[in-house]
Amino acid sequence: MSYETIKAKNCHLEFLNDNHSALTRYGKHLTIAGIDALIEQADRQIVINSDQNTYVASDPVLDTPENRKLFMSYFGGIEIQIGWVAGPNSTMNGMEYHKSNEIIVAVTDQVLLLGLQSDIDARYQFESKKAKALYLNRGSCFELMPGTLHLSPCKTDDRGFKSLIILPKGTNLPLESFTYEQSGSDTVTEERLLFMKNKWLIAHPERKPLIEKGAHPGIVGEISESGIKL
């Protein structure tokens, strides 16, 4: 579905596509030489589960030395991983951020729902109505700045979406020994949000699978306020 059609169907959302000055607070579009071959390879490799999203932190078919060379300069030469996420998502069930950049490569058309770490209040809550939308067409490469709130992309048609996700190596892997120790007070600290390696997460209280895994219930408002309508 085209950007114009998606935008017309989702008047409840502010789209960043036409506001370059605002977009720079969240990230920037990249032009990466040689990316087309990787996108074609990813399109063949990634299979959409129509029932739920699938996330793979590092796909051995795609996460090769040759493919990593495409992105190394954007991460200052540190080790990175090439993974993917795909599925039927169309809502904002939660928001995560990393203390590093992240590159998203749109293998299909999709919409990102974005926020800023500064939008999280002192109680570590985020109002869903503050989320902004960014439409990415197939082939777009977008670099999220450190601290940009995001989670799963949203589909633009019933087939679902596919995205390549490039991050510092180890991101989104399980925390092997870290345990959050709650103090006697009701004060929430950022430590409470640490969900996986280099992944700080808040979830909507209705997102039971994430809450049951220990995610902080920090999304305030109706999920539908930031969902994509097709």
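Everything discussed here concerns the structure shown above.
This is a predicted model, so every value here is computed, not measured. (Residues numbered from 1 in each chain as written. Predicted model: local features only at pLDDT ≥ 70, side-chain atom pairs only at ≥ 80, totals over all residues. Heavy atoms only, no water.)

Trainee: What should I look at first to understand the side chain of Asp119 in this one?
Mentor: By the secondary structure assignment, Asp119 is in the loop between strand E7 (110–116) and strand E8 (126–127). No salt bridge is formed by the buried Asp119. Its closest oppositely charged neighbour is Lys130, at 4.9 Å. With residues up to four places along the chain from it excluded, the contact list for Asp119 reads Gln125, Phe126 and Lys130. (Helix = DSSP H or I, 4+ residues; strand = E, 2+ residues; numbered from the N terminus. Buried < 20%, exposed > 50% of the residue type's maximum accessible area, 1.4 Å probe, protein only. Lys, Arg positive; Asp, Glu negative; His and termini not counted. Salt bridge = Lys/Arg side-chain N within 4 Å of Asp/Glu carboxyl O. Contact = heavy atoms within 4.5 Å.)

Trainee: Got a minute to help me understand the environment of Gly170 in this structure?
Mentor: Position of Gly170 relative to the elements: it lies in the loop between strand E12 (161–168) and strand E13 (194–196). Exposure remark for Gly170: the relative accessible area of 16% places this residue in the buried category. For Gly170 and Ala57, which are 113 residues apart along the polypeptide, the C-alpha to C-alpha distance reads 8.2 Å. If near-sequence neighbours (up to four positions away) are discounted, Gly170 is found in contact with Gln81 and Lys197.

Trainee: Any chance you could explain the environment of Leu13 here in plain terms?
Mentor: Looking at where Leu13 falls in the secondary structure, it is placed in the loop between helix H1 (3–9) and strand E1 (14–15). A relative accessible area of 8% places Leu13 in the buried class. Counting along the chain gives 215 residues from Leu13 to Ile228, while the straight-line C-alpha distance between them is 8.6 Å.

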